[in-house]
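# Coordinates in review
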Amino acid sequence: MLDQLSAIAAAAFAQCGFEPTLGRVILSNRPQLCQFQCDGAMKGAKALRRPPLEIARAVADVLAANPVFASVDVAPPGFINLNVTDEFLLQSLTGAAGDARLGVPADENPRMIVLDYCGPNVAKPLHVGHLRPAIIGESLKRLMKFIGHKVIADNHLGDWGLQMGQVIAQLEELGVAEADITAELLCDVYPQASARSKTEPEFRKKAQDYTVALQQRDPEKFALWEKIVETSCVDFRENFAVLGVSYDYWYGESYADQFIPAVLDILKQQNLLRLDNGAQVVDVTQEDDNPPMPPAIIIKSDGAYNYETTDVATIHQRVQEFAPDEIWYVVDKRQALHFKQVFRVAHNSGIAPAALRLSHIGNGTMNGSDGRPFKTRDGGTMRLSDLLEQATAQAMEKIANSTYIAEQDKADVARKIAVASIKFGDLSNHWTKDYIFDLQKFLSFEGKTGSYILYTLARINSILGKASDDSPQFTQLTGDAERELAIGLLLTGQQFAQAAAQQAPNFVAESAYTIAVAFAKFYHDSNILGETCAQARASRLALCKLTRDLLLLHLDILGIEAVEAM
Ligand code: ARG
């Protein structure tokens, strides 16, 4: 809708002999005064060497003749304040309601995007640190697909590095047979192995040797490794299923192994590899680096491949297999240096074509009330499954006495409320931000929460259920609450476009919340089921229905399931 209004304003600026790009229409920041505003006259005044008020008046005269506007006013120093007609809003609403995309435009230049998100290390359970990248990545996948892009989601498991050698060494020392490996056992073995590596030089050396042996496919090590990966992945899939997170591929670091020789050839050909203390490294400094950038280690002095090696090889593989325009990595911001190095190696060597956009969406952390990365009560790392269980139990307490939910549905509803609350609580923060995990707040049915959005939907379902014989139709708007809701709904496309441009699902969460709040106001102000005027009732029901459909779309993009009633 803003694009449509901006096009009209641009034409008006042009008609007056001014630069058309000045005609950008935005939502009014004083909604009591008007619905929309255009600040182009102030922006252009200097270049045009004319007082902004004069420019605004000239443009306003042209705009006033357009039937889309109910009012066009000029306010000093040069604001153009706009209200649209109800006819315009009704037409737009009817268009959106009758459109399979609910009025949200698709991008005209579809791109091929590989989305690499979360990629947990195998052999240890998912913990709360995996939550952000998993659900931000999932939401970006859904958003970009909906906008019309081709998206491939790849779970780049950490399954080929030193931690594998450590775990295999520890399993061997414990005398654990391949058949006895379970997810529970790995939970204990992984921390033991990494602790021993820190304190016992002999064990560390063994783990390094085993990592090299594995990477050279020593049959015994490889068999153990396969079992470890398989066991972990069963566990991952269960957790991801609860969170509504899914991937097209689970290639992992190990899959990149077969592309390493080709990558080494390219790096050698280009003379990029250099020997540094027994390791093969690539320099990636740029003039403006401050502090200086360390070289990327491609082959460690013990002969093992590194995290950088598998990531560069994976770019090579993705270029060959998918020919992407972009690769997005949703991974903790603390890995920023790693990605900078990898991207530079890939671009400098031509492994990534110059036009391939590589972007690290470095997510912030989920913190506890102490402001530090979230821990269990005793200071340990909290397993994701425990967090979900806790949240589900608390959601259950909240709905235990509800008469709106059938007894046999309560467990399922509680799980959905818990997941919605956790995901919305996370996704409503920009990915750069750290945020404080506050389950009580997230589960609240009021405020900017997932529960509130689900509750809004349940309320609408109940209204529409009672009016099932009606045929909703947009014929009139009464009152500003209805107009405000209408505008909120019609701005969805704008919000999604903004989210896509900034790779930031929080704009989708924000839009859902704005709509839910506008709906609450409308529900409070307007009589719906009790309305006697048939036209008003049909229009209000149509608003309810479009609100429901658009909120469901928002939730789907956030990867959140709604509930029928609550
Ligand atoms: N395995 C890594 C970790 O647990 C994350 C992998 C992210 N993806 C990538 N291509 N490096 O920290």
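Just above, that's the structure.
Scope of this entry: the structure provided in the associated data block. Everything quoted here is computed from the prediction, not taken from an experiment.

### Examining the site of the ligand
- The environment of the ligand is formed by Asp-116, Cys-118, Gly-119, Asn-121, His-156, Gly-158, Tyr-307, Asp-311, Tyr-329, Val-331, Gln-335 and Phe-339.
- Between the ligand and the protein, one listed contact pairs a nitrogen atom with a side-chain N or O atom of Asp-116 at 2.8 Å.
- Contact distances for the ligand include 2.7 Å between an oxygen atom and a side-chain N or O atom of Gln-335.
- Its free accessible area being 350 Å², the ligand has 90% of it covered by the protein chains.
- For the shell around the ligand, the class distribution of residues is five nonpolar, five polar and two charged.

### Examining the nonpolar core
- By size, the foremost hydrophobic cluster in this structure holds 153 residues, and its most contacted members are Leu-143 and Leu-387.
- Tallying contributions element by element places helix α21 (residues 534–558) first for this core, with 11 residues.
- With sequence-adjacent residues up to four places away left out, Leu-387 is seen in contact with Val-128, Leu-131, Met-366, Phe-374, Met-382, Ile-422 and Phe-437.
- Core analysis: the second largest hydrophobic core is formed by 35 residues, Leu-267, Met-293, Val-331 and Phe-339 among them.

### What about the pairing of strand β4 (residues 79–84)?
- Relative to β4, strand β2 (residues 36–38) is paired through three bridges, and the arrangement is antiparallel. The residue of β4 that forms the bridge with Cys-38 is Ile-80.
- In the sheet, strand β3 (residues 69–75) pairs with β4 via six bridges, with the strands oriented antiparallel. Paired with Ser-71 across the bridge in β4 is Asn-83.

### Regarding the sheet that holds strand β10 (residues 326–330)
- Strand order in the open sheet formed by four strands is β6-β5-β10-β11, with parallel pairing between adjacent strands. Looking at which strands have only one partner, the edges of the open sheet turn out to be β6 (150–154) and β11 (357–361). This sheet shows a mean twist of 20° between the axes of neighbouring strands, independent of strand direction.
- Two strands pair when backbone bridges link them, and strand β5 (residues 112–117) and β10 are joined in this way by five bridges, in the parallel orientation. Residue pairing for β10: Asp-116 is matched across the bridge by Tyr-329.
- Each of β5, β6, β10 and β11 is contacted by helix α5 (residues 131–147), which is oriented at about 165° to β5, the strand it contacts most.
- Together, β10 and β11 form the strand contacts of helix α13 (residues 336–349), whose direction differs from that of β11 by roughly 175°.

### Side note on the environment of Glu-564
- Tracing the sequence through the fold places Glu-564 in the segment after α21.
- When its relative accessible area of 61% is taken as the criterion, Glu-564 is described as exposed.
- Counting along the chain gives 129 residues from Glu-564 to Tyr-435, while the straight-line C-alpha distance between them is 30 Å.
- In this structure, Glu-564 is in contact with Ala-458 and Asn-461, ignoring residues within four places of it in sequence.

### Some points on the packing of helix α9 (residues 219–243) against helix α14 (residues 384–399)
- Look at α9 against α14: their axes get within 10 Å of each other, and the N-to-C directions meet at 35°. Remark: the crossing between α9 and α14 carries left-handed chirality. Between α9, through Asn-239, Val-242 and Leu-243, and α14, the contact on the second element is made entirely by Leu-384, Ser-385 and Leu-388.
- Residue composition of the contact of α9 with α14, grouped by class: four nonpolar, two polar and no charged.

### Let's talk about empty space enclosed by the protein
- Following the criterion strictly, the structure yields one cavity of 30 Å³ or more and no others.
- Roughly 40 Å³ of internal volume is contained in the largest cavity.
- Ala-123, Lys-124, Pro-125, Ala-183, Leu-186, Cys-187, Ser-232 and Asp-235 are the residues that line the largest cavity.
- Breaking the lining of the largest cavity down by element, the ones donating at least two residues are α7 (183–199) and α9.
- Considering each element in turn, the lining of the largest cavity owes the most residues, three residues, to α7.
- Its residues assigned to classes, the lining of the largest cavity comprises five nonpolar, one polar and two charged.

### A closer look at the environment of Leu-126
- With respect to the element layout, Leu-126 can be found in the loop between β5 and α5.
- For Leu-126, a relative accessible area of 1% gives the class buried.
- For the pair Leu-126 and Asp-235, spaced 109 residues apart in sequence, the C-alpha separation works out to 8.3 Å.
- Residues in contact with Leu-126, not counting those within four places in the same chain, are Pro-120, Phe-236, Asn-239, Phe-240, Arg-383 and Leu-384.

### Looking at the packing of aromatic side chains
- Under the counting rule described, the total for this entry stands at 23 aromatic pairs.
- On the basis of an interplanar angle of 55° and a centroid distance of 5.8 Å, the ring pair of Tyr-255 and Phe-259 is categorised as tilted.
- Residues Phe-374 and Phe-437 carry aromatic rings whose centres are separated by 5.0 Å and whose planes lie at 75° to one another, so their mutual orientation is edge-to-face. Of the two residues, Phe-374 is situated in the loop between β12 (366–367) and α14 and Phe-437 in the loop between β13 (435–436) and α16 (439–442); the sequence distance between them amounts to 63 residues.
- A relative accessible area of 15% means that Phe-374 is categorised as buried.
- Through pairs of rings, three or more aromatic residues link up here, namely Tyr-117, Phe-236, Phe-240, Tyr-247 and Trp-250.

Cut-offs applied
- Residues numbered from 1 in each chain as written.
- Predicted model: local features only at pLDDT ≥ 70, side-chain atom pairs only at ≥ 80, totals over all residues.
- Heavy atoms only, no water.
- Near = heavy atom within 4 Å.
- Polar contact = N/O pair within 3.5 Å; in protein donor to acceptor, adjacent residues only side chain to side chain.
- Areas by Shrake-Rupley, 256 points an atom, 1.4 Å probe, with all protein chains shown as cover.
- Nonpolar A, V, L, I, M, F, W, Y, C, P; charged D, E, K, R; others polar.
- Core = buried A, V, L, I, M, F, W, Y, C linked by side-chain atoms within 4.5 Å.
- Buried < 20%, exposed > 50% of the residue type's maximum accessible area, 1.4 Å probe, protein only.
- Helix = DSSP H or I, 4+ residues; strand = E, 2+ residues; numbered from the N terminus.
- Contact = heavy atoms within 4.5 Å.
- Pairing = 2+ DSSP bridges.
- Axes fitted to C-alpha atoms, helices over the stretch in contact; angles between N-to-C directions.
- Left-handed = near helix turned anticlockwise from the far one by under 90°.
- 1 Å grid on protein atoms, 1.4 Å probe; cavity = no way out; pocket = protein on both sides within 12 Å on 5 of 7 lines; lining within 4 Å.
- Points joined across faces, edges and corners; volume = space filled by probe spheres on them.
- Phe/Tyr/Trp six-rings, centres within 6.5 Å; stacked < 30°, edge-to-face > 60°.

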